[in-house]
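# Close look at the chain arrangement
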Amino acid sequence: MKRTTGQNRSITRTWRPATQAVRGGTWRSEQGETSEAIFVSSGYSYDDAETVAARFAGEQAGMTYSRLQNPTVQMLEERIALMEGAEACRAQATGMAAMTTALLCQLKTGDHVVAARAAFGSCRWLTDNLLPKFGIETTTIDARDNDAWKAAIRPNTKVFFFETPANPTMDIVDLAYVCGLARENGITSVVDNAFATSALQRPLEFGADVVAYSATKMMDGQGRVLAGAVCGSQAFIDEVLLPFQRNTGPNLSPFNAWVILKALETLDLRAKRQSENALIVGKFLEGRVPKMLHPGLPSHPQHNLAMRQMSACGPIFSFILDGGRKQAMALLNAIELIDISNNIGDSRSLMTHPSSTTHSGLSEDVRADMGVEEGMLRINIGLEDPADLIDDLDQALKVVGL
Ligand SMILES: *Cc1c(COP(=O)(O)O)cnc(C)c1O
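Computed from a predicted structure; not experimentally measured.

By the criterion of burial, strand E11 (residues 316-320) is predominantly enclosed, with five of the five residues buried. Going residue by residue along E11, you find Ile316, Ser318 and Ile320 tucked away on one face and Phe317 and Phe319 tucked away on the opposite face as well. Bridge analysis of strand E10 (residues 291-293) against E11 gives three bridges, and the strand direction is antiparallel. The residue of E11 that forms the bridge with Lys291 is Ile320.

Rendered as structure tokens:
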């Protein structure tokens, strides 16, 4: 196995992100395959005992066991790091494995975490349930409010944890301010960038320390595999994250890594086109539903901030109907082209009712606190012709009297 022609690191580092997405991190075997090979092997064999000893001692590069390294997974890690502008990346089995690893690898009893109150249901579960069980204190705040971050800092605050845009309220966090505040106070910022990906938003350029992903969403984008990733400095990945990951094993399978590698080749195209489509559909819905939560529309209270830190709005937005759960479910039941599905980032348009699905595991109080109303619907706009999506929404809105 060797890196492809010209791919020594000093050269690949200068490639622009769209080139990285297609070529970054490619290794080729002696067969010279153009498409990345899948190495389905849990272990490795060695020419002699000294070689394996040197690899275990970290004195020689090379594979030892697929919980520690795998060539296909490593190609994906290099590609994501190059796209993100990060020194290093480690792939994880799922987005939640990535979030759990990114947090637990650096926290201990007595530490304090400040987290955004608006978050993916399982991310809220980590801050509300898992971390406190191990004596790690957590405070959840309105992450749109810069002063709230400052006010929540304590002497033992170790991590800021948030998503932007947040799932499903589309709250935007001021990356430059919040990550800068973290740096000034010796706090590590962990940004869940699943809604945007590096194609639309690069948190490290705004001062983030760690970027964590559900690669299941925009990165795969075709609804096939679960995957996750954590990006950061070489020191963070090698010294903080790797000891945790290697000994606890939330690893990504080589096959799933390969699926994501192939998907990244089209990420830039998909992210741009789906953002354009989401804007077209959003403009249509704006006049028809009582409340839109769409960062690409000037009506979003944080539209300007969103457009300063994102190159496009992304495929996902939410809206709220006045008729509560009953009307929201009736609209879902009336759609014909768009699927009822709680996934996002897919090239198919999908719609879900967060309070009975992605956020149903949270208490009513927590949902109310983060703004997940009973009449809220979240939509992922795919690659279909937006005129067909508008026709579908139009007929469904009429069914529910809108
Ligand atoms: C889906 C999602 C996750 C979890 O990812 P999985 O791959 O499903 O484990 C984490 N954060 C956000 C913002 C998500 O949308």
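Text resumes after the structure shown.
Of all five residues in strand E3 (residues 88-92), five are buried, a share of seventy percent or more. Alternating residues of E3 divide into Ala88, Arg90 and Gln92 and Cys89 and Ala91, and every residue in both groups is buried.

This paragraph deals with the domain arrangement of the protein chain. One can read the domain layout of the protein chain as domain 1 (2-264) and domain 2 (268-399). The C-alpha-based centres of domain 1 and domain 2 are spaced at 27 Å. At the junction of the two partners, domain 1 supplies 34 residues and domain 2 supplies 36 residues. Across the domain 1/domain 2 interface, buried area totals approximately 2,900 Å², and carbon plus sulfur atoms make up 59% of it.

In this model, the largest pocket occupies a volume close to 600 Å³. Residue lining of the largest pocket: 25 residues in total, with Gln69, Gln74, Arg90, Leu242 and Arg246 positioned closest to the centre. For the lining of the largest pocket, the secondary-structure elements that each account for two or more residues are helix H3 (49-56), helix H4 (71-84), E3 and helix H9 (234-248). Residues belonging to the lining of the largest pocket are distributed by class as follows: nine nonpolar, seven polar and nine charged. Approximately 220 Å³ is the volume attributed to the second largest pocket. Every residue lining the second largest pocket is counted, 17 residues in all, and those nearest its centre are Gly95, Met96, Phe120, Ser214 and Lys217. For the lining of the second largest pocket, the leading source of residues is helix H5 (residues 95-104), giving three residues.

Let's shift gears to the site of the ligand. The full set close to the ligand counts 15 residues, and Gly95, Met96, Asp192, Thr216 and Lys217 are the nearest of them. Between the ligand and Met96, the relevant distance is 2.8 Å, taken from an oxygen atom to a main-chain nitrogen or oxygen of the residue. Between Asn167 and the ligand, the recorded distance is 3.3 Å, taken from a side-chain N or O atom to an oxygen atom. Across the complex, the protein chains shield 92% of the 380 Å² of accessible surface that the ligand would expose by itself. Structurally, the ligand is housed in the second largest pocket. Grouping the amino acids of the shell around the ligand by side-chain chemistry returns seven nonpolar, five polar and three charged.

The final tally for this structure, using the stated rule, is four cavities of 30 Å³ or more. The computed volume of the largest cavity comes to approximately 100 Å³. Taken together, 14 residues form the lining of the largest cavity, with Leu68, Gln69, Val73, Glu77 and Asn251 sitting closest to its centre. Only H4, E3 and H9 provide two or more residues apiece to the lining of the largest cavity. Its residues assigned to classes, the lining of the largest cavity comprises five nonpolar, six polar and three charged.

The strand order E3-E9-E8-E7-E6-E4-E5 describes an open sheet built from seven strands, whose pairing is mixed. Because the sheet does not close on itself, it has two edges, and the strands there are E3 and strand E5 (137-141). Between one strand and the next, the sheet's axes are offset by a mean angle of 20°, whatever the strand orientation. Where strand E6 (residues 157-163) and strand E7 (residues 188-192) come together, five bridges link them in parallel fashion. Bridging across to E7, Phe162 finds its partner in Val191. Along the sheet, H4 makes contact with E3, strand E8 (210-214) and strand E9 (228-232), crossing E3 at roughly 130°. Across the sheet, H9 is in contact with E3, E8 and E9; its angle to E3 comes to roughly 25°.

A few words on the packing of aromatic side chains. To describe a pair of aromatic rings, one takes the distance between the centres and the angle between the planes. Taken as a whole and assessed by the stated rule, the structure comprises three aromatic pairs. Ring pairing ties together the aromatic residues Trp149, Phe160 and Phe162, which thus form one cluster. Geometry around Phe120 places Lys217 over its ring, the cationic atom sitting 4.8 Å from the centre.

Contact pair H5 / H9: the axes reach a minimum separation of 9 Å and the direction vectors enclose 110°. By the angle between their directions, the pair H5 and H9 is classed as roughly perpendicular. Crossing handedness for the pair H5 and H9: right-handed. The residues of H9 that touch H5, namely those facing Thr101, Ala102 and Leu104, are Phe236, Leu241 and Phe244. Its residues assigned to classes, the contact of H5 with H9 comprises five nonpolar, one polar and no charged.

Helix H10 (residues 254-264) packs onto H4 with a crossing angle of 35° between their chain directions and a minimal axis gap of 8 Å. In this structure, the crossing between H4 and H10 has a hand that is left-handed. Facing Thr72, Val73, Met75, Leu76, Arg79, Ile80 and Met83 of H4, the residues of H10 in contact are Pro254, Ala257, Trp258, Ile260, Leu261 and Leu264. For the contact of H4 with H10, the per-class residue count stands at eleven nonpolar, one polar and one charged.

Quick look at the nonpolar core now. Grouped together as the largest cluster of nonpolar side chains are 56 residues, with contacts concentrated most on Leu76, Ile80, Trp149, Phe160, Phe162, Ile260 and Leu264. Per element, the largest residue contribution to this core is six residues, and it comes from H4. Filtering out sequence-adjacent residues up to four positions away, Ile260 remains in contact with Leu76, Ala215, Met219, Asp220, Val225 and Ala227.

Parameters at a glance
- Residues numbered from 1 in each chain as written.
- Predicted model: local features only at pLDDT ≥ 70, side-chain atom pairs only at ≥ 80, totals over all residues.
- Heavy atoms only, no water.
- Buried < 20%, exposed > 50% of the residue type's maximum accessible area, 1.4 Å probe, protein only.
- Helix = DSSP H or I, 4+ residues; strand = E, 2+ residues; numbered from the N terminus.
- Pairing = 2+ DSSP bridges.
- Domains from an automatic or database assignment.
- Contact = heavy atoms within 4.5 Å.
- Buried area = accessible area lost by both parts, 1.4 Å probe.
- 1 Å grid on protein atoms, 1.4 Å probe; cavity = no way out; pocket = protein on both sides within 12 Å on 5 of 7 lines; lining within 4 Å.
- Points joined across faces, edges and corners; volume = space filled by probe spheres on them.
- Nonpolar A, V, L, I, M, F, W, Y, C, P; charged D, E, K, R; others polar.
- Near = heavy atom within 4 Å.
- Polar contact = N/O pair within 3.5 Å; in protein donor to acceptor, adjacent residues only side chain to side chain.
- Areas by Shrake-Rupley, 256 points an atom, 1.4 Å probe, with all protein chains shown as cover.
- Sits in = over half its atoms within 2 Å of the grid points.
- Axes fitted to C-alpha atoms, helices over the stretch in contact; angles between N-to-C directions.
- Phe/Tyr/Trp six-rings, centres within 6.5 Å; stacked < 30°, edge-to-face > 60°.
- Lys NZ or Arg CZ within 6 Å of the ring centre and 35° of its normal.
- Parallel < 35°, antiparallel > 145°, perpendicular 65-115°, else oblique.
- Left-handed = near helix turned anticlockwise from the far one by under 90°.
- Core = buried A, V, L, I, M, F, W, Y, C linked by side-chain atoms within 4.5 Å.

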